[in-house]
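Chain and residue survey
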Amino acid sequence: MKVQIFLEAGLPADTVAELGSLAENFGVDTLWASSFPGHRDPFLSLAMLARNSQRMRLGVVPISPFEVHPMRISDALLTLNELCGGRASLLVGGLGKSVMRVTGLEPTRRVTAVRECVEILKTAARGDLLEYAGEMYRLAGYQAAWATDAPPLIYVGATGPAMLKMAGRVADGVMMSDVPLPRMPEVLRNARRGLKGAGRDAKDFRFNNFFAWHIKPDKKESIAEARRELVWRGILQKWHTSPFLGDSDSDFVEANWGAFMQAFLQRTSVIDGIPEHIVEALVANLTFSGDLEAIDGVIEHLKSFEAAGLDEITLKVHGDADKAIRIIGERLVPELS
């Protein structure tokens, strides 16, 4: 299983370069820079690392065609890919809540928009003259003839069946978000239906799952951090939580999502109005948390994911990224590679 690192949004380029070099030395497969409103541009933040790394892939996550036209995404992606010699990756998504909140955008026909964006990006990466007439996007006479490096990898962010099937038809891989182990057969089945329908071989497709990494030497600090960040775990939707919470508690969590957001905004581990058994179950099932003694259990959990069909794990590091990368590099990568 390939181990990938997802950095917090907005880190300075020199910090990204330092952390990236550390991750590459530990054999991390990909370093992802996050795109988030009001933060430093992820493509520019990776530029320094692109010139000063040799093996590791460099990725931007997530970019939506609702916030940036596919033509501009292509220009930025292919420039990054040129800087790093064909090692760029991109996650295309249907527009996250954070961007919707800031911009007021209301995306429609997400699957169609993401599909057309991926089709444009993959054709443009070959340097071909592009004449594209889609349902939502059109390009006439677009060509990046200078794009001669190995094409970047294009992932789709998906957990729903329609987006997963579409990703299987047109993308290089899919990155799921916070998918618990009991849901793996369902999501892989949907993506594989898309692959089969397009006559594609599943061995050439990347199955990736995003998970929050909170492991620290201090267990109390780890759990507090995990609780503060719970609001983002699968956006606490019932589909993610019902396998371990059951229907009633999952409905309660969805109805009280605002309490988790308040804890995040106030930077507190106290989630008002949410029973403790629910919070503990969410932390245990949707995050990797605890002290260093918890790592053996995390490794076994990831091996179960691998046995279920997962190829890659993307770990979102929080707080002191340097320490987190060292722990992942020293303890996790050797056991999974």
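Residues numbered from 1 in each chain as written. Predicted model: local features only at pLDDT ≥ 70, side-chain atom pairs only at ≥ 80, totals over all residues. Heavy atoms only, no water.

**A closer look at the overall build of the chain**
- The secondary structure content of the chain amounts to 14 helices and eleven strands.
- Rg of the C-alpha trace for the chain: 19 Å, near the compact-globule value of 20 Å for 337 residues, within the 12% margin.
- Projecting the C-alpha coordinates of the chain onto the three principal axes gives extents of approximately 60 × 40 × 40 Å.
- Per-residue burial over the chain gives 53% buried out of 337 residues.
- When contacts within the chain are restricted to residue pairs at least 6 apart in sequence, long-range pairs at least 24 apart make up 74% of them. (Helix = DSSP H or I, 4+ residues; strand = E, 2+ residues; numbered from the N terminus. Rg over C-alpha atoms; globule rule 2.2 N^0.38 Å. Buried < 20%, exposed > 50% of the residue type's maximum accessible area, 1.4 Å probe, protein only. Contact = heavy atoms within 4.5 Å.)

**Describing the layout of surface pockets**
- The volume enclosed by the largest pocket comes to roughly 1500 Å³.
- Lining the largest pocket are 48 residues, and of these Pro62, Gly96, Lys97, Ser177 and Ile235 sit closest to its centre.
- Looking at the lining of the largest pocket, the elements that each hand over two or more residues are β3 (57–63), α5 (97–103), α6 (110–124), β8 (173–177), α10 (238–255) and α11 (257–265).
- The class makeup of the residues in the lining of the largest pocket is 22 nonpolar, 16 polar and ten charged.
- A volume near 200 Å³ is recorded for the second largest pocket.
- Considering the residues around the second largest pocket, the lining is formed by 15 residues, among which Ala284, Asn285, Thr287, Phe288 and His301 are closest to the centre.
- Going through the elements one at a time, α12 (276–286), β10 (287–288) and α13 (295–308) are the ones with two or more residues in the lining of the second largest pocket.
- Considered class by class, the residues forming the lining of the second largest pocket number ten nonpolar, five polar and no charged. (1 Å grid on protein atoms, 1.4 Å probe; cavity = no way out; pocket = protein on both sides within 12 Å on 5 of 7 lines; lining within 4 Å. Points joined across faces, edges and corners; volume = space filled by probe spheres on them. Nonpolar A, V, L, I, M, F, W, Y, C, P; charged D, E, K, R; others polar.)

**Observations concerning the nonpolar core**
- Counting 71 residues, the largest nonpolar core has Leu90, Trp213 and Leu332 as the members making the most contacts within it.
- Residue contributions to this core peak at eight residues, all from helix α14 (residues 321–336).
- For tryptophan 213, the residues in contact, after removing those within four places along its chain, are Glu225, Phe288, Val298, Leu315, Lys316, Val317, His318, Ala324, Ile327, Ile328 and Leu332.
- Val231, Ile278, Val279 and Val283 belong to the second largest nonpolar core, which has 18 residues in total. (Core = buried A, V, L, I, M, F, W, Y, C linked by side-chain atoms within 4.5 Å.)

**Focus on the side chain of aspartate 29**
- With respect to the helices, strands and loops of the structure, aspartate 29 is situated in the loop between α1 (13–25) and β2 (30–34).
- A polar contact is formed between the side chain of aspartate 29 and the side chain of glutamine 4, at a distance of 2.9 Å.
- Setting aside residues up to four positions removed in sequence, aspartate 29 forms contacts with Lys2, Val3, Gln4, Met56, Arg57 and Arg206. (Polar contact = N/O pair within 3.5 Å; in protein donor to acceptor, adjacent residues only side chain to side chain.)

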